[in-house]
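Notes for the structure review
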Amino acid sequence: MFGALLKAKYTKPIGNPTKGGVLMKITRILFILASILCLAVTAGAQNYPTKPVKVIIPFSEGSGTDFLGRLMAKKLSAMWGQPVEAENHPGAGGTIGANVVAKAPADGYTLLEYSSAYTVSPSLHKNLPYDPMKDFIDIAPLAGQPLAVFVGTSSGLKSISEVIAKAKDNPGKIKFGTPGIGSAAHLPAELFKLEANIDVVHVPFKGGKDTIAATKAGNVTYSVLPLSLAIKASKDGKLLILAVTSAERSNAVPDVPTLAEVGFPGINSSVWWGIWAPAGTPDDVVEKLEKDIAQALASPEVLEQLKKRKLKPISMTSAEFKQFVRKEMENVKSIVKKAGIEAK
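Residues numbered from 1 in each chain as written. Predicted model: local features only at pLDDT ≥ 70, side-chain atom pairs only at ≥ 80, totals over all residues. Heavy atoms only, no water.

1. Here we look at the confidence of the model for the protein
Residue-level pLDDT values for the protein average 89, and 87% of them are 70 or greater. Contacts of residues 1–15 to residues separated by more than four positions or lying in other chains number 7 contacts, the stretch itself having pLDDT below 50. Note on residues 35–44: pLDDT is under 50 here. Beyond four places in sequence and across chains, it has 0 contacts. (pLDDT = per-residue confidence, 0-100. Contact = heavy atoms within 4.5 Å.)

Following this line, the structure appears as structure tokens:
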């Protein structure tokens, strides 16, 4: 159609024919340049990546987020034949690392691997340096697992009902631990507090290691952490897992009930992890990332590693993941409001 219009326009020149010829040449040149640019962009997306890719992990080494980020980086590097470098940028509940990616070029060469804490930060931080709704593209979820509610065996507590009874007998004196304000375990722990109608004090720690140590020492009565961390920490017999936060029991601890089973059907929470890219990343690159991440998650070697960590792979399209993340943000907002937690 564009060619036909050009032919119709210039078959019978109006006015200065020389001027018409110049205009025609300029139009052709612009058309050729536009075509070349289009082909270059398409080829770039098809060949992605052509240089090293960075995966920013907003938590410290040894965390569940770190494990998954490095696992995916290693697998994607093998698939792409390009280095995929995992970098830890911990601090402020993950928001420091997230900001690094938010401010990075939107070319697919800087990615964010974050936990479900991504959906918590907007409700707990007044002045986030980025907008999680506008500054990122939700690429794909990776995996998830239930959270565990556990106590130190020295506490003598052996069930959720005993924890609740002790809390009600000692209002405002019982403490519970999580690996930090805004962590993936924090809001489910607050939800349990609301559902159980108990007056307990939150003690945020710097991570899972400190939370576990404090629980074993009796500095907090109970704590909430991802199930895999709780299982590993309980092998010495100093911790007892009382319940999981998922809707169904975990195969990893089949004898441990869900919170729903012990009287709290409104609680169905899990910690999960995903991949994000800066807003404006080309659609073709996003599609390739979505496809390749799904392929990596389905590989036998990755599945084996996930199984060892009691993690279940999650399969969603980018569009489905976006909807899921938005819904999670709304759920968090509701819990924060009910719990009376003030953003800082």
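2. Brief notes about the pairing of strand β5 (residues 175–178)
Examined bridge by bridge, β5 and strand β6 (residues 201–204) share 4 bridges and lie parallel to one another. Its bridge partner being in β6, Lys175 is matched across the sheet by Val201. Read from β5 through helix α7 (residues 186–196) to β6, the crossover connection turns out right-handed. Note that β5 and strand β7 (residues 222–226) share 2 bridges and pair parallel. (Pairing = 2+ DSSP bridges. Helix = DSSP H or I, 4+ residues; strand = E, 2+ residues; numbered from the N terminus. Right-handed = clockwise from strand over helix to strand, strands pointing away.)

3. Quick look at the nonpolar core
Residues Ile160, Phe192, Tyr222 and Ile293 are the most contacted members of the largest nonpolar core, which totals 63 residues. Excluding anything up to four places from it in sequence, Ile293 contacts Met72, Leu76, Ile139, Ala140, Leu142 and Ile275. Counting 17 residues, the second largest nonpolar core, distinct from the first, contains Ala98, Leu112, Tyr114 and Met329. (Core = buried A, V, L, I, M, F, W, Y, C linked by side-chain atoms within 4.5 Å. Buried < 20%, exposed > 50% of the residue type's maximum accessible area, 1.4 Å probe, protein only.)

4. Brief notes about empty space enclosed by the protein
Taken as a whole and judged by the stated rule, the model has 1 cavity of 30 Å³ or more. Considering the residues around the largest cavity, the lining is formed by Val55, Gly69, Met72, Leu76, Leu111, Ile275, Leu289 and Ile293. Taken together, the elements giving at least two residues each to the lining of the largest cavity come down to α3 (64–80) and α10 (283–297). Tallying contributions element by element places α3 first for the lining of the largest cavity, with 3 residues. (1 Å grid on protein atoms, 1.4 Å probe; cavity = no way out; pocket = protein on both sides within 12 Å on 5 of 7 lines; lining within 4 Å. Points joined across faces, edges and corners; volume = space filled by probe spheres on them.)

5. Considering a positive patch on the surface
A contiguous patch of positive charge, built from Lys232, Lys235, Arg309 and Lys310, is present on the exposed surface. Here Lys232 is to be found in helix α9 (residues 227–233). What makes Lys232 exposed here is its relative accessible area of 65%. (Patch = residues over 30% accessible without salt bridge, like charges linked within 9 Å, V, L, I, M, F, W, Y side chains within 5 Å. Areas by Shrake-Rupley, 256 points an atom, 1.4 Å probe, with all protein chains shown as cover. Salt bridge = Lys/Arg side-chain N within 4 Å of Asp/Glu carboxyl O. Lys, Arg positive; Asp, Glu negative; His and termini not counted. Charge placed at Lys NZ, Arg CZ, Asp CG, Glu CD.)

6. Some words on the pairing of β7
Among the 5 residues of β7, 5 are classified as buried, and the element is accordingly described as predominantly covered. Two elements, strand β4 (residues 136–152) and β7, share 5 bridges in a ladder whose sense is antiparallel. In the strand pairing of β7, Phe150 is matched with Ser223.

7. A short note on the packing of aromatic side chains
Applying the stated criterion to the full structure yields 15 aromatic pairs. Taking 5.2 Å as the distance between ring centres and 65° as the angle between the ring planes, the aromatic pair formed by Tyr48 and Tyr109 counts as edge-to-face. Of the two residues, Tyr48 is situated in the loop between α2 (17–47) and β1 (53–57) and Tyr109 in the loop between α4 (95–102) and β3 (110–115); the sequence distance between them amounts to 61 residues. Seen from their ring centres, Trp276 and Phe321 are 5.4 Å apart, and the 45° between their planes marks the pair as tilted. (Phe/Tyr/Trp six-rings, centres within 6.5 Å; stacked < 30°, edge-to-face > 60°.)

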